[in-house]
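Residue-level structure breakdown
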Amino acid sequence: MSVKRIVVNIPTASVETTRDFYASVFGLETIMDFGWVATVAADVDAPVQLSIASEGGSGTEVPDISIEVDDVDAVYARAKSLGHTIPYDITDEPWGVRRFYLLDPTGKMLNVLSHIQ
């Protein structure tokens, strides 16, 4: 037996608003939308990962979701320009990532990151 996929489910009163947030900030495409549930995705092959943590690092709380992007500065600028809440500003962390925390419309804490080259 092997895991083929892990899906993050985000409860929301407004599927459209939350779907549009992920599309506008991360460029994800809607691949399914029944009104009561929508799925957004990127066309990438990525390893299946679950992180188990007692803290988020650098004294932060554990984020709900981590999203690795190819250009964290561009996503940060887009999120700021759209007026989204950024509770942890963009930072180069000692373990080799550049990241910031972003709240989605449901209050989920997103850890948005790129590895420092």
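Residues numbered from 1 in each chain as written. Predicted model: local features only at pLDDT ≥ 70, side-chain atom pairs only at ≥ 80, totals over all residues. Heavy atoms only, no water.

Regarding the pattern of salt bridges
In the structure shown here, the tally under the stated rule is five salt bridges. The closest approach of N and O atoms between Asp20 and Arg19, which form a salt bridge, is 2.9 Å. For Asp20, a relative accessible area of 34% gives the class partly exposed. In this structure, Asp33 engages Arg19 in a salt bridge whose closest nitrogen and oxygen atoms are separated by 2.5 Å. Taken as a pair, Asp33 in strand β1 (residues 29-33) and Arg19 in helix α1 (residues 15-26) lie far apart in primary sequence, 14 residues in all. Its relative accessible area of 19% is what places Arg19 among the buried residues. (Salt bridge = Lys/Arg side-chain N within 4 Å of Asp/Glu carboxyl O. Buried < 20%, exposed > 50% of the residue type's maximum accessible area, 1.4 Å probe, protein only. Helix = DSSP H or I, 4+ residues; strand = E, 2+ residues; numbered from the N terminus.)

Brief notes about the pairing of strand β2 (residues 38-41)
Sheet analysis places β1 next to β2, joined by four bridges and oriented antiparallel. Bridge pairing in β2 links Thr30 to Val40. As consecutive antiparallel partners, β1 and β2 are separated by four residues, and within that stretch Gly35 has a phi angle of approximately 90°, a positive value. (Pairing = 2+ DSSP bridges.)

Focus on the packing of aromatic side chains
Scanning the model with the defined rule gives five aromatic pairs in all. Ring plane angle 75° and centroid distance 5.1 Å describe the contact between Tyr76 and Phe100, whose orientation is recorded as edge-to-face. With a gap of 24 residues between them, Tyr76 in helix α2 (residues 72-81) and Phe100 in strand β5 (residues 97-103) connect regions that are remote in the sequence. Looking at Phe100, the relative accessible area reads 0%, which means it is buried. (Phe/Tyr/Trp six-rings, centres within 6.5 Å; stacked < 30°, edge-to-face > 60°.)

Here we look at α2
Of the residues making up α2, those classed as buried are Val72, Val75, Tyr76 and Ala79. With its buried residues spanning 100° around the axis, α2 presents them on a single face. Here α2 starts with a cap whose side-chain oxygen sits 3.3 Å from the backbone nitrogen of Asp73, and that cap is Asp71. Of the residues one or two after α2, Gly83 is the one with positive phi, at around 80°. (Arc of directions from axis to C-beta. Polar contact = N/O pair within 3.5 Å; in protein donor to acceptor, adjacent residues only side chain to side chain.)

Regarding the sheet that holds strand β4 (residues 88-92)
Pairing between the strands of a sheet comes from backbone hydrogen bonds, and it takes one of two forms, parallel or antiparallel. Taking strand neighbours across the sheet as the criterion, the four strands line up as β3-β6-β5-β4 in an open arrangement whose pairing is mixed. The open sheet is flanked by β3 (65-68) and β4, the only strands paired with a single partner. On average, adjacent strands in this sheet sit at an angle of 20° to one another, irrespective of strand direction. Both β3 and strand β6 (residues 109-115) contribute to a ladder of four bridges, which runs parallel. Bridge assignment links Ile65 to a residue of β6, and that residue is Leu110. The sheet contacts of α2 involve β4, β5 and β6, and relative to β5 the element is tilted by about 25°. (Axes fitted to C-alpha atoms, helices over the stretch in contact; angles between N-to-C directions. Contact = heavy atoms within 4.5 Å.)

A word on the nonpolar core
General note: in soluble globular proteins, nonpolar side chains tend to be found buried as a group. Ranked by size, the top nonpolar core spans 17 residues in total, and within it Phe26, Phe100, Leu102, Leu110 and Val112 carry the most contacts. Of all the secondary-structure elements, those providing two or more residues to this core are α1, β3, α2, β5 and β6. In this structure, Phe100 is in contact with Val72, Val75, Tyr76, Ala79, Ile86, Tyr88, Asp89, Ile90, Leu110, Asn111 and Val112, ignoring residues within four places of it in sequence. (Core = buried A, V, L, I, M, F, W, Y, C linked by side-chain atoms within 4.5 Å.)

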